[in-house]
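Residues per chain are reported as follows:
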Amino acid sequence: MNLKKHSSTESNILNAAKEIFERKGMAAARMQEIADEAGINKAMLHYYYRSKQLLFEAVFKKAFSTLAPQLNDIINADNSLFDKIKNFTHNYITFIIKHPYLPNFIIQELNRNPEFIEKQLSNKLPNIEKFRNQIENAVKDGHIRPIKAEHLFINIIALNIFPFIASPLLKGFLKVDKTTFKELMEERKTEVVDFILNSIKIK
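Residues numbered from 1 in each chain as written. Predicted model: local features only at pLDDT ≥ 70, side-chain atom pairs only at ≥ 80, totals over all residues. Heavy atoms only, no water.

Per an unreviewed UniProt entry, the chain goes by TetR/AcrR family transcriptional regulator and derives from Lutibacter aestuarii.

Shown next as C-alpha cells:
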C-alpha cells in the first residue's frame, strides 16, 4: 500500500469513526458500522486499528490536538482580559459543537483510564500564567472585582463545558430536541460571556 493511499484511508477511517461516535457514542458504536461508514471492510479497519478503544483514542488525539493550540493562543494573546474571555468561550463552544463526544469521553476516560488522559493532556493544556497575571493586575488596578484567577478560570471552563457533558439530562429537563439544543449552545457563546463579564465588572 503506497504512502498516499495509506494516509487517505486512515483519514477516511478517522472521519468515519468521528461520525459514528458522535451519532451513537463510544459504548454503542460498532467497528462494523465504522468500516461501513469509511467504505472499507472490517478486516481493513482492524489493520489500522486493532480495537474500538484505540480508534477512539486516535479520534480524540486528532480533535484535541486541534483545540489545545487554539485555546493556548487565546489565553496567551496580548489582547484585553474581556476579549480573552469572549474569544475563549466562542472558540470552545464552536469546537465542541463540532466534536460533541469529547467532553464526555474525557470524563469517561478520567474514571476508566486516567493515565491515558493525563498523558494526552499533560503537555497540551494552555499555560494560564499570563492569564493569571492579567487577572491579578486587573484586580489591583480596580478594573474588575477581587477574584482569584483560579476561580475565574474554573467558572469559565464550567459554564462552557457542563451543558455538553449534561446534554441528555438538559434536553430532558428543557424538553428540547437535538436541533434546538444546538441552537441554545450557539446562543451560549453570548450568554456565557455576558454572565462572566457581569460577574467581574465593577459597576
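The subject of this paragraph is the UniProt feature "domain: HTH tetR-type" (unreviewed entry) in the chain. When the UniProt feature table is mapped onto this chain numbering, "domain: HTH tetR-type" (unreviewed entry) sits at residues 7-67. Across residues 7-67, helical content stands at 87% and strand content at 0%; the span's end C-alpha atoms are separated by 22 Å. (UniProt positions renumbered as here; feature names shortened; annotations may be inferred. Helix = DSSP H or I, 4+ residues; strand = E, 2+ residues; numbered from the N terminus.)

Next up on the list: the nonpolar core. Judged by nonpolar contacts, the single largest core of 60 residues is most densely connected at Phe21, Ile34, Leu55, Ile85, Phe131, Ile135 and Leu152. Per-element tally for this core: the top contributor is helix α4 (residues 52-75), with 12 residues. Excluding residues within four positions of it along the chain, Leu152 makes contact with Ile85, Phe131, Ile135, Ile147, Ile196 and Ile200. (Core = buried A, V, L, I, M, F, W, Y, C linked by side-chain atoms within 4.5 Å. Buried < 20%, exposed > 50% of the residue type's maximum accessible area, 1.4 Å probe, protein only. Contact = heavy atoms within 4.5 Å.)

The sites that UniProt annotates as "transmembrane region" (unreviewed entry) are residues 152-170. Spanning residues 152-170, this segment combines 95% helix with 0% strand, and its end C-alpha atoms are found 24 Å apart.

Note that Lys62 resides in helix α4. Ignoring sequence-local partners within four residues, the contact set of Lys62 consists of Ser11, Leu14 and Asn15.

Right, let's get into unusual backbone geometry. At Lys175, a position not held by glycine, the phi torsion is positive, near 55°. With respect to the helices and strands, the residue Lys175 is situated in the loop between α10 (167-174) and α11 (178-200).

Our focus in this paragraph is the confidence of the model for the chain. The pLDDT averaged across the chain works out to 87; a share of 94% of its residues lies at or above 70. Of all secondary-structure elements in the chain, the lowest mean pLDDT belongs to helix α7 (residues 114-121), at 70, while α11 reaches the highest, 95. (pLDDT = per-residue confidence, 0-100.)

The next subject is a negative patch on the surface. Taken together, the side chains of Asp177, Glu183, Glu187, Glu191 and Asp194 present a region of like negative charge at the surface. As for its position among the elements, Glu183 is in helix α11. Classification of Glu183 as partly exposed rests on a relative accessible area of 46%. (Patch = residues over 30% accessible without salt bridge, like charges linked within 9 Å, V, L, I, M, F, W, Y side chains within 5 Å. Areas by Shrake-Rupley, 256 points an atom, 1.4 Å probe, with all protein chains shown as cover. Salt bridge = Lys/Arg side-chain N within 4 Å of Asp/Glu carboxyl O. Lys, Arg positive; Asp, Glu negative; His and termini not counted. Charge placed at Lys NZ, Arg CZ, Asp CG, Glu CD.)

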